[in-house]
Amino acid sequence: MLTILKEKFMSFNGERSLVIAELAVDTKTELPAENGVDGRLISQGTIAWEISTGDLYGFGGDGKWVDQATGEVYDPTDGE
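Presented here is a report on the structure given in the accompanying data block. Remember, it's a predicted structure, so these values are computed and weren't measured experimentally.

Procedures and definitions
Residues numbered from 1 in each chain as written. Predicted model: local features only at pLDDT ≥ 70, side-chain atom pairs only at ≥ 80, totals over all residues. Heavy atoms only, no water. Patch = residues over 30% accessible without salt bridge, like charges linked within 9 Å, V, L, I, M, F, W, Y side chains within 5 Å. Areas by Shrake-Rupley, 256 points an atom, 1.4 Å probe, with all protein chains shown as cover. Salt bridge = Lys/Arg side-chain N within 4 Å of Asp/Glu carboxyl O. Helix = DSSP H or I, 4+ residues; strand = E, 2+ residues; numbered from the N terminus. Buried < 20%, exposed > 50% of the residue type's maximum accessible area, 1.4 Å probe, protein only.

Together, Leu5, Ile47, Trp49, Ile51 and Leu56 give the surface a local cluster of nonpolar side chains, amounting to about 440 Å² of exposed area. Inspection of the secondary structure assignment puts Ile47 in strand 4 (residues 47-50). Classification of Ile47 by relative accessible area gives partly exposed; the value is 32%.

Right, let's talk about the pattern of salt bridges for a bit. For the coordinates displayed, the defined rule picks out 2 salt bridges. Put simply, Arg40 and Glu7 hold a salt bridge, and the shortest N to O gap is 2.6 Å. Of this pair, Arg40 sits in strand 3 (residues 40-42) while Glu7 sits in strand 1 (residues 2-13), and the two are 33 residues apart along the sequence. The exposure class of Arg40 is partly exposed, given its relative accessible area of 23%. One salt bridge connects Glu72 with Lys28, and the closest N-O pair in it is separated by 2.6 Å. A residue pair is termed long-range when its members are at least 10 positions apart, and Glu72 in the loop between strand 6 (65-67) and strand 7 (73-74) and Lys28 in the loop between strand 2 (16-25) and strand 3 qualify at 44 residues. Glu72 sits in the partly exposed class, given a relative accessible area of 36%.

As structure tokens, then:
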């Protein structure tokens, strides 16, 4: 499950809000793509906490998540 812990509005992109957010997910497979948060686009600098492992991920400008401790890259669009 994805939960928005905090968000900061940046601007509008069409009909969607562009936000920097703090997210929580149960597992990294729940990390969203840029347009994967209902009604919002997430911006570079968004962070997510993976509850099952305690890992912290940062969202890059390339649309991929990077584990902040290991540098491992996770692309939420793989397999779509």
